[in-house]
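# A closer look at the structure
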Amino acid sequence: MEYKKIISERLSTLTGLSTETIEKLIEIPPKPDMGDFAFPCFQLAKTLRKAPNLISQELKDKIDKSGFEKVEAVGGYLNFFVDKSYLAKNTLSKILTEKEKYGHSNIGKGKTITIDFSSPNIAKPFHVGHLYSTAIGNALYKMFSSQGYKCVGINHLGDWGTQFGKLIAAYKRWVDEEALEKEPIKELLRIYVKFHEEAEKDPSLEDIARMHFKNLEDGKEEEVMLWKKIKEVSLIEFNRIYDMLKIKFDSYAGESFYNDKMDEVVELLQEKGLLTESKGALVVNLDEYNMPPCIIKKSDGATIYATRDLAAAIYRKRTYDFYKNIYVVGTPQTLHFKQVFTTLKLMGFDWADDCIHVGFGLVKFADKKLSTRKGDVIFLEDLLKEAIERAKELIEQKNASLENKDEVAKVVGIGAVVFTYLKNNRERDIIFSWEDILNFDGETGPYVQYSYARGRSVLRKANGYDISNTDFSKLNSQEETELIKLLASFNDVIINALEKYEPSILTRYIIDVAKTFNKFYNLHPILSVEDEMLKNARLALVDATTIVIKNGLSLLGIDVVERM
Ligand code: ARG
């Protein structure tokens, strides 16, 4: 929050270093007796050719100490102890006036960020792995937007490629229209699998599939019609999931969108002399970068996934003039993106450096019941539905008289799943187990949502409080100070999470807020306090905590409920 800024400004006038440099250097000490903020003087010592402990002493004597209880020089560190009542008053009034805008800023004003996320493949299941990209992408979208960036969410649908030749061949032979109507992707998957089985017995089917794809590329009516139909029914199903998750995209420009933009890419590469022939294919040699070549055109003349990503990146730069261009895609595609970004750079596009691959790991299942036979996939929709059912059972047990149980079960069930995905350091694999994700006492979505509802219930019972009759300096217990400090760092946490493209930093922060809140709640009475000014101060703290939890979860794409 403000503190780092205040310290940086004061130190900047004293040292001549820029406020940005100082802000980056400021640390949060590991122990409270070392202060709330610390400025290491070692870098300064090098430029000034002076001992760090002398510098810290001098700065300590000269610095303006208002807003701080004390400032100490310990070795090469300058330690700042914030004035607790000043901290409480400033932080809580800021939260209570800014409300749903608390934590937001304008640092991204005028800058656009394109975020390619979710991007499932048409006619294939939207499986549990896709939620990883969907949840992270959506969280980054909301978090960047909260800092004033203009975000463009792009669903780069996998809607082109030779597999459509096979699907069309299969469709014409075996589709059950009624099943397609009911469960389109299950039916498309069934005929796709059947195609492969049949093609083993009768290899001529492969030729037929190739012919259908060729016809599709040439724009022949029947193939185009069937391709459109397959895409349409798949999208209906995907949209059902996006609706459940309340996720929206600004663009559905998928792979097929770039069909008429491929020639230009190939020409540009040719002009730059980047294309070489290798076994009949056209490739960009990347030996110098220790990477296998980036294939542009296969020996049959067809362009591929990578070519489309080159066209897409160029299109995005031209259309959106992005500041950053982000791809939220699993780590197995790390090499692919390195090849694409390096090729863009070789083409002379310096903005290739602004393209970022945000990778993530795999989703594994600990529950016996969930792990399926090899080759089977778990449909995300089934998983979400099960989460809602299980949440409903838990709510029945905990609070049978609750009014809108179905609505609450939806928010809690879906929230629990999304929270699990976002709690994880994204490059690590997720081990999914129902026990863990729906545990009301663990580090889970329901735990945080429950903490929020608990706070709201206190505020309802208090029936309002008079903020003008409040003494913030009375919030001086360890638990209260700890909680206020956490609430004050909300914006810092968001910025830090964005710098690393790591929503889990925000998720863990929200867990911390909920835990610290519960500690405070369990140790300190609120409604029964006689001292009106202390009672009001505690109610203001509860109020501010619920605002931060709600804002934080909302940036992750998770809702709260007032009662549960
Ligand atoms: N459809 C791809 C998949 O499911 C992900 C696409 C990611 N975006 C991109 N621009 N390549 O693996």
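None of these values were measured; they are calculated from a predicted model. (Residues numbered from 1 in each chain as written. Predicted model: local features only at pLDDT ≥ 70, side-chain atom pairs only at ≥ 80, totals over all residues. Heavy atoms only, no water.)

## A few points about the site of the ligand
Selection rule: Nearness is defined per residue: one heavy atom within 4 Å of the molecule or strand is enough. Whenever a nitrogen or oxygen atom comes within 3.5 Å of another N or O atom, the pair is scored as a polar contact, on the condition that within protein one atom can donate a hydrogen and the other can accept it, and that pairs from neighbouring residues in sequence are kept only if both atoms are in side chains. Surface accessibility in these figures is a Shrake-Rupley result with a 1.4 Å probe; residues are shielded only by whichever protein chains are displayed. Here the term charged refers only to Asp, Glu, Lys and Arg, the term nonpolar to Ala, Val, Leu, Ile, Met, Phe, Trp, Tyr, Cys and Pro, and the term polar to all other amino acids, Gly among them.
By nearness alone, every residue bordering the ligand is listed as Asp116, Ser119, Asn121, His130, His156, Tyr305, Asp309, Tyr327, Val329, Gln333 and Phe337. Contact between the ligand and Ser119: a nitrogen atom at 2.9 Å from a main-chain N or O atom of the residue. In the environment of the ligand, a nitrogen atom lies 2.7 Å from a nitrogen or oxygen atom belonging to the side chain of Tyr305. Computed on the free molecule, the ligand has an accessible area of 350 Å², of which 88% lies beneath the protein chains in the complex. Per-class residue counts for the shell around the ligand are four nonpolar, five polar and two charged.

## Details of the UniProt feature "domain: DALR anticodon binding" (unreviewed entry) in the protein
We count it as follows: UniProt positions are given in the numbering used here, feature names are shortened, and annotations may be inferred rather than shown by experiment. Numbering of helices and strands runs from the N terminus; a helix is a DSSP stretch of H or I covering at least four residues, while a strand is a stretch of E covering at least two.
According to UniProt, the "domain: DALR anticodon binding" (unreviewed entry) feature falls on residues 448–564. For residues 448–564, the end-to-end C-alpha separation is 12 Å, with 68% helix and 0% strand making up the annotated structure.

## Quick look at the packing of helix α15 (residues 380–398) against helix α16 (residues 405–423)
How we decide: Under this scheme, a helix contributes an axis fitted over its contacting stretch, all axes are lines through C-alpha atoms, and angles between N-to-C directions fall in the 0 to 180 degree range. Reported orientations rely on four angle classes, namely roughly parallel under 35 degrees, roughly antiparallel over 145, roughly perpendicular from 65 to 115, and oblique for the rest. Crossing chirality is assigned from the near helix's rotation relative to the far helix, an anticlockwise turn below a right angle marking it left-handed and a clockwise turn marking it right-handed. Whether two residues are in contact is decided by their heavy atoms: any pair within 4.5 Å suffices.
In contact at an axis separation of 7 Å, α15 and α16 are set at 125° when each is read in the N-to-C sense. The angle between α15 and α16 falls in the class oblique. Crossing angle aside, the handedness with which α15 passes α16 is right-handed. Together, Leu383, Leu384, Ala387, Ile388, Ala391, Lys392, Ile395 and Glu396 of α15 and Lys405, Asp406, Val408, Ala409, Lys410, Val412, Gly413, Ile414 and Val417 of α16 make up the contact between the two elements.

## Some thoughts on helix α20 (residues 490–499)
Put simply, the test is: Relative accessible area decides the class of each residue, using a 1.4 Å probe on protein chains only: under 20% of the type maximum gives buried, over 50% gives exposed, and in between gives partly exposed. Arc definition: directions from the helix axis to the C-beta atoms.
Looking only at α20, the buried set comprises Phe490, Asn491, Val493, Ile494, Ala497 and Leu498. For α20, the buried positions fall inside an angular range of 160° around the axis, keeping them on one side. Of the residues one or two after α20, Tyr501 is the one with positive phi, at around 50°.

## Overview of the nonpolar core
Our working definition: We define the nonpolar core as a collection of buried residues of types Ala, Val, Leu, Ile, Met, Phe, Trp, Tyr and Cys that are connected through side-chain atoms lying within 4.5 Å of one another.
Grouped together as the largest cluster of nonpolar side chains are 151 residues, with contacts concentrated most on Phe39, Phe80, Ile115, Phe144, Tyr421 and Leu506. Among residues more than four places away in sequence, those in contact with Leu506 are Met143, Phe490, Val493, Ile494, Ala497, Gly552, Leu555 and Leu556.

## Let's talk about the pattern of salt bridges
For side chains of opposite charge, pairing can occur when their charged atoms come near one another. Rules: Whenever Lys or Arg places a side-chain nitrogen within 4 Å of a carboxyl oxygen from Asp or Glu, that contact is recorded as a salt bridge.
One pass over the structure, following the stated rule, counts 34 salt bridges. Notably, a salt bridge pairs Lys194 with Glu198, separated by 3.4 Å at the nearest N-O pair. Separated by four residues within a single helix, Lys194 and Glu198 lie in helix α9 (residues 184–201), roughly one turn from each other. Overall, the relative accessible area of 25% leaves Lys194 in the partly exposed class. The partner of Lys392 in a salt bridge is Asp406, with the nearest N and O atoms 3.0 Å apart. Of this pair, Lys392 sits in helix α15 while Asp406 sits in helix α16, and the two are 14 residues apart along the sequence. Taken together, the shared-partner salt bridges connect Glu183, Lys186 and Asp382 into one network.

## Some words on the pairing of strand β7 (residues 281–284)
Just so we agree on the cut-off: For two strands to be treated as a pair, DSSP must find no fewer than two bridges joining them.
Where strand β6 (residues 275–278) lies against β7, four bridges are found, and the strand directions are antiparallel. Paired with Glu277 across the two strands is Leu282, which belongs to β7. Hairpin connection between β6 and β7: a loop of two residues separates the two successive antiparallel strands, and Lys279 in this loop has a positive phi of roughly 50°. Pairing geometry for β7 and strand β8 (residues 294–297), over three bridges, is antiparallel.

## Looking at the sheet that holds β8
Taken in spatial order, the three strands make up an open sheet running β6-β7-β8, and their pairing is antiparallel. The open sheet terminates on both sides in strands that have one partner only, identified here as β6 and β8. Going from strand to strand, the sheet's axes swing by 45° on average, the running direction of each strand aside.

## Re the environment of Lys392
Looking at Lys392, the relative accessible area reads 28%, which means it is partly exposed. Sequence spacing of Lys392 and Asp36 is 356 residues, and the spatial spacing of their C-alpha atoms is 43 Å. A distance of 3.0 Å separates a polar atom in the side chain of Lys392 from a polar atom in the side chain of Asp406.

## Observations regarding the packing of helix α13 (residues 305–320) against helix α14 (residues 334–346)
With their axes 10 Å apart at the nearest point, α13 and α14 run at an angle of 50° to one another. Here α13 lies oblique to α14, going by the angle between them. Helix-helix and strand crossings are classified by hand; for α13 and α14 the assignment is right-handed. In contact with Tyr305, Ala306, Asp309, Leu310, Ala313 and Ile314 of α13, α14 contributes His336, Phe337, Val340, Thr343 and Leu344. Taken together, the residues that form the contact of α13 with α14 break down as eight nonpolar, two polar and one charged.

## As for the sheet that holds strand β3 (residues 77–82)
On the basis of which strands lie adjacent, the open sheet formed by three strands has the order β1-β3-β2 and antiparallel pairing. This sheet does not close on itself; its edge strands, each paired only once, are β1 (37–40) and β2 (68–74). For this sheet, the mean inter-axis angle between neighbouring strands, taken without regard to orientation, is 15°. Pairing analysis gives six bridges linking β2 to β3, with the strands arranged antiparallel. Bridge pairing links Lys70 to Phe81 in β3. Here helix α4 (residues 52–62) sits on the sheet and contacts β1, β2 and β3; the angle it forms with β2, its principal contact strand, is near 160°.

## Some remarks on unusual backbone geometry
For residues besides glycine, phi is generally negative; the peptide bonds are generally trans as well. The backbone of Ser118 sits at a positive phi, close to 75°, despite the residue not being glycine. Following the sequence through the fold, Ser118 ends up in the loop between β4 (112–116) and α6 (128–146). A relative accessible area of 4% places Ser118 in the buried class. Phi angles above zero are rare outside glycine, and Asn463 is one such case at about 60°. Structurally, Asn463 is set in the loop between α18 (445–462) and α19 (478–488). Residue Asn463 is classed as exposed on the basis of its relative accessible area of 69%.

## Looking at the packing of aromatic side chains
For any pair of aromatic rings, the description consists of the separation of the ring centres together with the inter-plane angle of the planes. Rules: Pairing of aromatic rings covers Phe, Tyr and Trp, the last counted by its six-membered ring, and requires centre-to-centre distances within 6.5 Å; plane angles under 30 degrees mean stacked, over 60 mean edge-to-face, and any other angle means tilted. For a Lys NZ or an Arg CZ to count as sitting over a ring, it must be within 6 Å of the ring centre and within 35 degrees of the ring normal.
This structure, assessed with the given rule, holds 33 aromatic pairs. Both rings, one in Phe432 and one in Trp434, keep their centres 5.4 Å apart while their planes meet at 85°; by these two values the pair is edge-to-face. Using a relative accessible area of 0% as the deciding quantity, one classes Phe432 as buried. The class for Trp434 is buried, based on a relative accessible area of 4%. Each residue in the set Phe117, Phe126, Phe238, Tyr242, Phe249 and Tyr252 is aromatic and connected to the rest through ring pairs, giving one cluster. It is Lys70 that lies over the ring of Phe81; its NZ or CZ is 4.4 Å from the centre.

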